[in-house]
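So the chains spell out like this:
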Amino acid sequence: MLTNILSISLGAILINNFIFSQFLGCCPFLGCSNKMDTAVGMGIAVIFVMGLASAICWVVNEYILMKLGLGFMQTLTYILVIAVLVQFVEMFLKKSVPSLYSALGIYLPLITTNCAVLGVVLLNTQNNYNFLESTVYGITGGMGFMLAICLFASVREKLEFADYPKCFEGFPICLVSAGLLSLAFMGFSGMKIF
Amino acid sequence: MTTKQQLREGLITNNPVLVQQIGMCATMAITTSLFNGIGMGLSVLIILTCCNVVISAIRKIIPNEIRLAIFVVVIAGFVTIVDLLLQAFVPALSESLGVFIPLIVVNCIIIGRAEAFCQHEPVGLSFKDGIFQGLGYTCVLIIMCLFREFFGKGAFGGGLINTVNGVIGTGNGVQIFPAKYGALILTLPVGGFMCLGALIAVMQYALRRSAEKKEAQEKAEREAADAAEVKEAAE
Amino acid sequence: MDALEKKKNSPNIAKLALVLFAVTAITALVLGLVNGVTKDRIAALAVEKTKTAYANVLKADSYAKIDDAYTNDGTITKLSAAKDASGTAVGYVAETTFSGAQGMVTMVVGLNADKACTGIYVTKSSETSGLGAKASETSPGAWRDNLVGATDGVALAKDGGTVEAISGATITSRACTKEVQTVITAVSSLG
């Protein structure tokens, strides 16, 4: 059991990183990573939302959708749960950590449309994970996302002083750099410790 | 806005992936075979058009505060319908696209068009907008698939040409040159990132060149008009 | 916009909730309709897929799930006994899920009555195209033919056995070969 959890965690963070291997969560990855502080804040928010969403959606799926044979309503239900959850996280942050709330700005409600959150919930269902495995996959998936976005933020801070062709300005040079990071992460593929 | 203008916008000047730079997750992830690309492109086109029409039709009765929630519900509805239909009638596509079909719900293109366009425009324009933006998206997917398949594996038309037993979605297409001479890295996630980056760079270059040319032309015309005025005044 | 602000600015929160509920209800109804139309076909396709996979590795007239205990390292999801029309056992078919180089691989393994492998059939994998994906190829002469006839103790040549790995895809080859061994061990433990 423990080795199963550990192998899921390692997979989510390094081997099948949500951004570099599975492409889930690219929009905030490219949009939020210009500064390290925003990246860290976004990463923490995403870990929290992904973990909670995995847990709640597993419960909803197991005890409501599956019991009533409403498997086809999964997508609709999950996205509604995530939207409500993000709304609550926003309210909570506004009251208790206003500095983080203002730092994240528009990007907080955008976590609703983050492919990684809906993606992790759908993958949990697809892989038939139990409650503990789903929650672990959600949290460690978020940790992988945070690792990717922080690494990329440090690369982007250096990119400001780089000399590249003018037509690559903006997203293209970011995508190429992200590609190189993805190449580095490929080194982890096939790794099997647990 | 005329149809021709809308078509030009959807395909080139306001292309969802290359110019608006949204909806990139799926573009990089699934463009490993032509079957995937065309399948995903057509699915998004259908979903986008249907959602545009419905949202435009009910735009007057949606309260402003909950408009995003309603958009999401409508989009999720259509995505599930397309997902179920694909699972029943084109299972090969459903399997190879995997989790990216339900993920069309959070594809920024659909929510973006609903928010920016359909809320304010009538049904007819929204319908055409859906079709043309969907076409623009499909074109980008096809270009990326062709590039990644050809230079990565030396193949063309994976899943569509040379299928196994005539079952669509199988087979590796026509092998134009032996696969071992291809840059395998292009079929991996790295290739996805780099291809898309290169495509957006090409588009930015083309748009900038065309804008510069237009500006130079206008400047020349203005100077010619000024010179003619001065000449007239001197006479 | 948090709930407190909502309450202050728009006293018609009941109307908002009603509209949202109405839209969701209509959507759910339409989905229910489409589901009713498609679910039989989807279920039939799933059964067909399993049947094709089983027949590809070991042709038989019926496959009966084995519920007795057997040695399982966690990768075998379903073990069935293959029987011919008269009910005599002709072999075994196992559905397995194990981790390959780029994620989980789902594979069907067939064994004949002498516990020798009759073939493998990869139903789901995300292995690298051109390398690990070669294990999924089913054309005659594909890599998987190397595993036909494998008996207890099968391993890659690199690991002391006789099976040649796919060049450039050792991890996938090793995982598939190891899985065949796992199934042989499981069936042997049935006694």
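Being a predicted model, the structure only gives us computed values, none of them experimental.

Caption draft 1: Broad picture of a negative patch on the surface. Residue and element names in this part refer to chain B. Residues Glu 223, Asp 226, Glu 229, Glu 232 and Glu 235 make up a contiguous surface patch of negative charge. Structurally, Asp 226 can be placed in helix α8 (residues 189-234). With relative accessibility at 45%, the residue Asp 226 sits in the partly exposed group.

Caption draft 2: Local environment of the confidence of the model for chain A. Mean pLDDT over chain A stands at 88; residues scoring 70 or higher make up 99%. Of all helices and strands in chain A, the one with the weakest mean pLDDT is helix α5 (residues 98-104) of chain A (79), whereas helix α7 (residues 131-159) of chain A scores best (94).

Caption draft 3: Region of the structure containing the nonpolar core. A:Phe29, A:Ile111, A:Leu118, B:Met24, B:Met40 and B:Leu103 are the most contacted members of the largest nonpolar core, which totals 121 residues. Counting residues per element, this core draws most heavily on helix α4 (residues 67-89) of chain B, at 13 residues. Within the second largest apolar cluster, 30 residues are counted, among which are C:Ile120, C:Val154, C:Val183 and C:Val187.

Caption draft 4: Geometry of the pairing of strand β5 (residues 117-124) of chain C. Residues and elements named next belong to chain C. Bridge count between strand β4 (residues 104-112) and β5: six bridges; the pairing is antiparallel. Bridge assignment links Val 109 to a residue of β5, and that residue is Ile 120. Connecting β4 to the next strand, β5, in antiparallel fashion are four residues, including Lys 115 with a positive phi near 60°.

Caption draft 5: Up close: unusual backbone geometry. Phi at B:Gln21 takes a positive value of approximately 55°, unusual for a residue other than glycine. Topologically, B:Gln21 is positioned in the loop between α1 (3-13) and α2 (24-30). The backbone of C:Lys115 shows a phi angle near 60°, a positive value even though the residue is not glycine. By the secondary structure assignment, C:Lys115 is in the loop between β4 and β5. Since its relative accessible area comes to 30%, C:Lys115 is described here as partly exposed.

Caption draft 6: Inspection of the packing of aromatic side chains at higher detail. Residue and element names in this part refer to chain A. According to the stated counting rule, one finds 13 aromatic pairs over all chains in the structure shown. Plain terms: the ring middles of Phe 18 and Tyr 137 are 5.6 Å apart, the flat faces sit at 55° to each other, and that makes the pair tilted. Highlighted residues: Phe 18 in the loop between α1 (2-15) and α2 (26-31) and Tyr 137 in helix α7, separated in sequence by 119 residues. Judged on exposure class, the residue Phe 18 and its partner Tyr 137 are both buried. Ring centres 5.8 Å apart and planes at 90° place the aromatic pair Phe 20 and Phe 29 in the edge-to-face group.

Caption draft 7: Structural context of the packing of helix α7 (residues 123-153) of chain B against α8(B). Residue and element names in this part refer to chain B. Running from amino to carboxyl end, α7 crosses α8 at an angle of 125°, the nearest separation of the two axes being 11 Å. As far as their axial angle goes, α8 and α7 are oblique. For the pair α7 and α8, the sense of crossing is right-handed. Between α7 and α8, the residues in contact are Val 140, Ile 143, Met 144, Phe 147 and Arg 148 and Gly 191, Gly 192, Cys 195, Leu 196 and Leu 199, respectively. Of the residues assigned to the contact of α7 with α8, the class counts are seven nonpolar, two polar and one charged.

Caption draft 8: A look at the pattern of salt bridges. Under the definition given, this model contains five salt bridges over all chains. Taking the shortest distance from any N to any O, the salt bridge between B:Asp129 and B:Arg113 comes out at 2.8 Å. With B:Asp129 in helix α7 and B:Arg113 in helix α6 (residues 108-118), the pair connects residues that are 16 residues apart, well separated along the chain. For B:Arg113, a relative accessible area of 6% gives the class buried. C:Asp159 serves as the salt-bridge partner of C:Arg174, at 2.9 Å between the closest nitrogen and oxygen. One end of the pair, C:Arg174, is in helix α3 (residues 170-190); the other, C:Asp159, is in the loop between β5 and α3, and 15 residues separate them in sequence.

Caption draft 9: Molecular detail of a nonpolar patch on the surface. Residues and elements named next belong to chain B. A cluster of nonpolar side chains, contributed by Leu 146, Phe 156, Leu 160, Ile 161, Ile 168, Val 174 and Ile 176, occupies part of the molecular surface with about 520 Å² of accessible area. Position of Ile 168 relative to the elements: it lies in the loop between β1 (155-156) and β2 (174-175). Taking the relative accessible area as the measure of exposure, Ile 168 reaches 43% and is therefore partly exposed.

Caption draft 10: Spatial organisation of the interface of chain B and chain A. Residue-level contacts link 34 residues of chain B with 37 residues of chain A. Between chain B and chain A, roughly 3,100 Å² of surface is buried when both sides are summed, and carbon and sulfur atoms account for 83% of that area. Sorting the residues of chain B by area buried against chain A places B:Cys25, B:Val106 and B:Phe193 first, and these three jointly supply 22% of that buried surface. At the junction of chain B and chain A, the tally comes to zero salt bridges. Our enumeration of links across chain B and chain A arrives at three residue pairs in polar contact (both at pLDDT 80 or more). Within the residue set of the side of chain B that touches chain A, elements represented by two or more residues are α2, α4, α6 and α8 of chain B. Of the residues that constitute the side of chain B that touches chain A, the class distribution is 26 nonpolar, seven polar and one charged.

Caption draft 11: Expanded view of the interface of chain B and chain C. At the interface, 20 residues of chain B touch 21 residues of chain C. For the salt bridge of C:Lys49 with B:Glu95, the shortest nitrogen-to-oxygen distance reads 3.2 Å. At the junction of chain B with chain C, the criterion picks out two residue pairs in polar contact (both at pLDDT 80 or more). When residues of the side of chain B that touches chain C are traced back to their parent elements, those giving at least two are α4 and α5 (91-97) of chain B. At twelve residues, α4(B) tops the list of elements feeding residues into the side of chain B that touches chain C.

Reading the values: the criteria
- Residues numbered from 1 in each chain as written.
- Chains lettered and ligands numbered in written order.
- Predicted model: local features only at pLDDT ≥ 70, side-chain atom pairs only at ≥ 80, totals over all residues.
- Heavy atoms only, no water.
- Patch = residues over 30% accessible without salt bridge, like charges linked within 9 Å, V, L, I, M, F, W, Y side chains within 5 Å.
- Areas by Shrake-Rupley, 256 points an atom, 1.4 Å probe, with all protein chains shown as cover.
- Salt bridge = Lys/Arg side-chain N within 4 Å of Asp/Glu carboxyl O.
- Lys, Arg positive; Asp, Glu negative; His and termini not counted.
- Charge placed at Lys NZ, Arg CZ, Asp CG, Glu CD.
- Helix = DSSP H or I, 4+ residues; strand = E, 2+ residues; numbered from the N terminus.
- Buried < 20%, exposed > 50% of the residue type's maximum accessible area, 1.4 Å probe, protein only.
- pLDDT = per-residue confidence, 0-100.
- Core = buried A, V, L, I, M, F, W, Y, C linked by side-chain atoms within 4.5 Å.
- Pairing = 2+ DSSP bridges.
- Phe/Tyr/Trp six-rings, centres within 6.5 Å; stacked < 30°, edge-to-face > 60°.
- Axes fitted to C-alpha atoms, helices over the stretch in contact; angles between N-to-C directions.
- Parallel < 35°, antiparallel > 145°, perpendicular 65-115°, else oblique.
- Left-handed = near helix turned anticlockwise from the far one by under 90°.
- Contact = heavy atoms within 4.5 Å.
- Nonpolar A, V, L, I, M, F, W, Y, C, P; charged D, E, K, R; others polar.
- Buried area = accessible area lost by both parts, 1.4 Å probe.
- Polar contact = N/O pair within 3.5 Å; in protein donor to acceptor, adjacent residues only side chain to side chain.

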